[in-house]
Amino acid sequence: MASLPLPPDVERLARELRAGERTVLSRAITLVESKRADHRHTAAGLIQELLADTGKAVRVGITGAPGVGKSTLIDALGSMLTARGRKVAVLAVDPSSRRTGGSILADKTRMAHLANDANAFIRPSPTSGTLGGVAAKTRETLLLCEAAGYDVLLVETVGVGQSEIAVADMTDFFLVLALPGAGDELQALKKGVVELADMIAVNKADGDNLSRAKLAASQYGAALHILSPRSPNWSPPVVTCSALKGDGIESLWEHILDHRRRLTASGELASRRGEQQVKWMWTMLEERLFAPLRTDRALKAALPRIEADVAAGRLAPGTAVEEIANVLGV
Ligand SMILES: Nc1nc2c(ncn2[C@@H]2O[C@H](COP(=O)(O)OP(=O)(O)OP(=O)(O)O)[C@@H](O)[C@H]2O)c(=O)[nH]1
Ligand SMILES: [Mg+2]
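Residues numbered from 1 in each chain as written. Chains lettered and ligands numbered in written order. Predicted model: local features only at pLDDT ≥ 70, side-chain atom pairs only at ≥ 80, totals over all residues. Heavy atoms only, no water.

Caption draft 1: Highlighting the site of ligand 1. Of all residues adjacent to ligand 1, which total 19 residues, the nearest are K70, S71, T72, R110 and D206. Residue G69 places a main-chain N or O atom 3.0 Å away from an oxygen atom belonging to ligand 1. The separation between an oxygen atom of ligand 1 and a polar side-chain atom of K204 is 3.0 Å. When isolated, ligand 1 has an accessible area of 650 Å², and the protein chains bury 79% of it. (Near = heavy atom within 4 Å. Polar contact = N/O pair within 3.5 Å; in protein donor to acceptor, adjacent residues only side chain to side chain. Areas by Shrake-Rupley, 256 points an atom, 1.4 Å probe, with all protein chains shown as cover.)

Below, the structure is given as structure tokens:
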């Protein structure tokens, strides 16, 4: 199948984006987030055009329970980095409708420094769609930010579901934030998030919480010890920090850079990213192949009867699949 010709403005858009203009970046992200078929087509062309300009940033995923201090930490870490001459982009993956216009504002106030920082770019999560859809758009946005010259990407996701895996799959380093409270560590272990962690940071290690935070950190350390590490080249450290006071933020970044050096030297970073790209391709292909299932009118009309027949035991599932394939003509 011959691919459709690209609209002439793709090259110009790519050029302006490389120049690092924020308004152009915002516009390109809006394009990537659009559901219109012609926009999708242009967006895909733009990403392809920019591919050689991507991949240079440090990509960090940050997760943790609601209120653990993710945004506060991003504000502190991001500000430290822009002060050192880095350009920082903050993205989020949150497919739930939790984040309405109001809380985007709240987020910006919790990232008060970055929100007013010329070297920082904050983009809230696309608000509608499946996790797969939201994650796909965030991945493309991440590439656009890299092409626009952002060299640190911080991707926040709330630790309540599958979105952590999606974020771990698009980043190089996965930071899990925890609270100094008892029982919290076990919860996180149950969800399997800790298996993804390249580092655990017990936040709010300040004031009365300091000793409890240290205790929690040693418990996490013991728990991590019995898990097999995600990488042969890295043992996830457990640290304490206070995003609010800025304590431990510098050492947090040192760990991230250390991880990067080791995984770059061993070749693991490149292979991890390669695997992520291939996985991404398959995810997009599956989405695309599944699309007719959701939109085909004839199938939509036939499905309730087919499902009812399968449920009632009148129709074998295999026969039902044949029938559906017939309707779709595949
Ligand atoms: N004492 C203390 N409070 C903190 C610290 N970090 C964050 N907080 C407070 O915890 C509350 C939640 O912080 P956020 O940064 O919004 O947490 P979050 O994890 O981004 O929350 P969601 O995005 O809603 O999941 C705010 O009131 C912060 O001021 C810290 O290091 N110490
Ligand atoms: Mg937040």
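Caption draft 2: Region of the structure containing the pattern of salt bridges. Within the structure shown, the criterion is met by 20 salt bridges. In this structure, R86 and D151 form a salt bridge, with 3.8 Å as the shortest nitrogen-oxygen distance. Separated by 65 residues along the polypeptide, R86 in the loop between α4 (70-83) and β2 (88-92) and D151 in the loop between α7 (131-147) and β4 (152-158) bring together distant segments of the chain. D309 is the partner of R305 in a salt bridge, and the nearest nitrogen-oxygen pair spans 3.5 Å. Note that R305 and D309 are positioned in helix α14 (residues 297-312) at a spacing of four residues, about one turn of the helix. You can call D309 buried: its relative accessible area is 15%. Overlapping salt bridges bring together D198, R230, E268 and R272 as one network. (Salt bridge = Lys/Arg side-chain N within 4 Å of Asp/Glu carboxyl O. Helix = DSSP H or I, 4+ residues; strand = E, 2+ residues; numbered from the N terminus. Buried < 20%, exposed > 50% of the residue type's maximum accessible area, 1.4 Å probe, protein only.)

Caption draft 3: Region of interest: empty space enclosed by the protein. Tallied over the entire structure, the rule returns three cavities of 30 Å³ or more. Of the volumes computed, that of the second largest cavity is approximately 70 Å³. R59, R139, L142, L143, D169, M170, Q276, Q277 and W280 are the residues that line the second largest cavity. At the level of secondary structure, the elements contributing two or more residues to the lining of the second largest cavity comprise α7 and α13 (268-295). Broken down by class, the residue content of the lining of the second largest cavity amounts to four nonpolar, two polar and three charged. (1 Å grid on protein atoms, 1.4 Å probe; cavity = no way out; pocket = protein on both sides within 12 Å on 5 of 7 lines; lining within 4 Å. Points joined across faces, edges and corners; volume = space filled by probe spheres on them. Nonpolar A, V, L, I, M, F, W, Y, C, P; charged D, E, K, R; others polar.)

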